[in-house]
Amino acid sequence: PRVANMQVERLKGSYFFKNDEGYEQARTGRLFVGNVPERFPAAIVIAKCKEDVQVAVQYAKDSGQAITVRSGGHNWFGASLRDGCVLIDLGDMKSIAVDASTKTVTAEPGANGLELL
């Protein structure tokens, strides 16, 4: 079966395959364009943490599929949408940490500019 190689029990986030309920929302929900590309990833992993990313990468490797990554979804032409790939969506990874003593900010890839202000 299609989930044979994905360690779904380790995922804190969610995953969708092409014919699953919720797939279309996962595919297009973070895009800010009116003309969504007709490209369909084989699987979409909505990562909540770095371990989810590791599960998705291992699945892609085991199944011989390419990987694309989306963070905020602001890419106007939907470059993260590719046919037959594993799309790793990092948009829910929004943690921001400030270390005042070193004047350092660490932000996860889903954090956007407004959230950093």
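Structure: see above.
Please read all numbers here as calculations on a predicted model, not as lab measurements.

The rules behind these values
- Residues numbered from 1 in each chain as written.
- Predicted model: local features only at pLDDT ≥ 70, side-chain atom pairs only at ≥ 80, totals over all residues.
- Heavy atoms only, no water.
- Patch = residues over 30% accessible without salt bridge, like charges linked within 9 Å, V, L, I, M, F, W, Y side chains within 5 Å.
- Areas by Shrake-Rupley, 256 points an atom, 1.4 Å probe, with all protein chains shown as cover.
- Salt bridge = Lys/Arg side-chain N within 4 Å of Asp/Glu carboxyl O.
- Helix = DSSP H or I, 4+ residues; strand = E, 2+ residues; numbered from the N terminus.
- Buried < 20%, exposed > 50% of the residue type's maximum accessible area, 1.4 Å probe, protein only.
- Core = buried A, V, L, I, M, F, W, Y, C linked by side-chain atoms within 4.5 Å.
- Contact = heavy atoms within 4.5 Å.
- Pairing = 2+ DSSP bridges.
- Axes fitted to C-alpha atoms, helices over the stretch in contact; angles between N-to-C directions.
- Phe/Tyr/Trp six-rings, centres within 6.5 Å; stacked < 30°, edge-to-face > 60°.

S.K.: What is the right way to read a nonpolar patch on the surface from this model?
M.R.: On the surface, a nonpolar cluster with roughly 360 Å² of combined accessible area is contributed by Ile96, Val98, Val105 and Leu116. Of note, Leu116 is situated in helix H3 (residues 113–116). Classification of Leu116 by relative accessible area gives partly exposed; the value is 45%.

S.K.: Help me out: how do you make sense of the nonpolar core in this one?
M.R.: Here is a general trend for soluble globular proteins: nonpolar side chains tend to be buried in one another's company. Formed by 14 residues in total, the largest nonpolar core has its most connected members in Met6, Tyr59, Val86 and Ile88. In terms of residues, this core owes the most to one element, helix H2 (residues 50–63), which gives four residues. If we ignore the near neighbours within four places in the chain, the residues touching Met6 are Leu11, Tyr15, Phe17, Val45, Val55 and Tyr59. If you look at the next biggest cluster of nonpolar residues, it comprises nine residues, including Leu31, Ile44, Ile46 and Leu81.

S.K.: Teacher, can you tell me more about the pattern of salt bridges here?
M.R.: Side chains that differ in sign of charge can pair as their charged atoms come close. One pass over the full model with this rule turns up six salt bridges. Between Arg30 and Asp89 there is a salt bridge, with the nearest N and O atoms lying 2.8 Å from each other. Linking Arg30 in the loop between helix H1 (23–28) and strand E2 (43–46) with Asp89 in strand E4 (residues 86–89), this pair joins segments that are 59 residues apart in sequence. For the salt bridge of Lys48 with Asp92, the shortest nitrogen-to-oxygen distance reads 3.0 Å. Here Asp92 lies in the loop between E4 and strand E5 (96–99) and Lys48 lies in the loop between E2 and H2, a separation of 44 residues in the sequence. You can call Asp92 partly exposed: its relative accessible area is 30%.

S.K.: So what exactly am I meant to see when it comes to the environment of Arg82 here?
M.R.: Relative to the elements of secondary structure, Arg82 occurs in the loop between strand E3 (67–70) and E4. For Arg82, a relative accessible area of 37% translates into the label partly exposed. Between the C-alpha atoms of Arg82 and Ala42, which are 40 residues apart in sequence, the distance is 8.7 Å. Leaving out residues up to four positions away in the same chain, Arg82 has contacts with Arg39, Phe40, Pro41 and Thr68.

S.K.: Would you mind going over the sheet that holds E2 with me for this structure?
M.R.: An order of E1-E2-E4-E3 is seen for the four strands of this open sheet, with the pairing classed as mixed. For this open sheet the edge positions go to strand E1 (14–17) and E3, each flanked by a neighbour on one side alone. In this sheet, neighbouring strand axes are inclined to one another by 15° on average, regardless of whether the strands run parallel or antiparallel. Pairing between E3 and E4: four bridges, direction parallel. Its bridge partner being in E4, Ile67 is matched across the sheet by Val86. Sheet contacts for H2: E1, E2, E3 and E4; angle to E4, the most-contacted strand, approximately 170°.

S.K.: Would you mind going over the packing of aromatic side chains with me for this structure?
M.R.: How two aromatic rings sit relative to each other is set out by the distance from centre to centre and by the angle between their planes. Per the counting criterion, the structure on display carries two aromatic pairs. Seen in terms of ring centroids, Phe17 and Tyr59 are 6.1 Å apart; in terms of plane orientation they differ by 75°. Their pairing is edge-to-face. Here Phe17 is found in strand E1, whereas its partner Tyr59 is found in helix H2, with 42 residues between them in sequence. Judged by its relative accessible area of 4%, Phe17 is buried. Judged by its relative accessible area of 4%, Tyr59 is buried. Through pairs of rings, three or more aromatic residues link up here, namely Tyr15, Phe17 and Tyr59.

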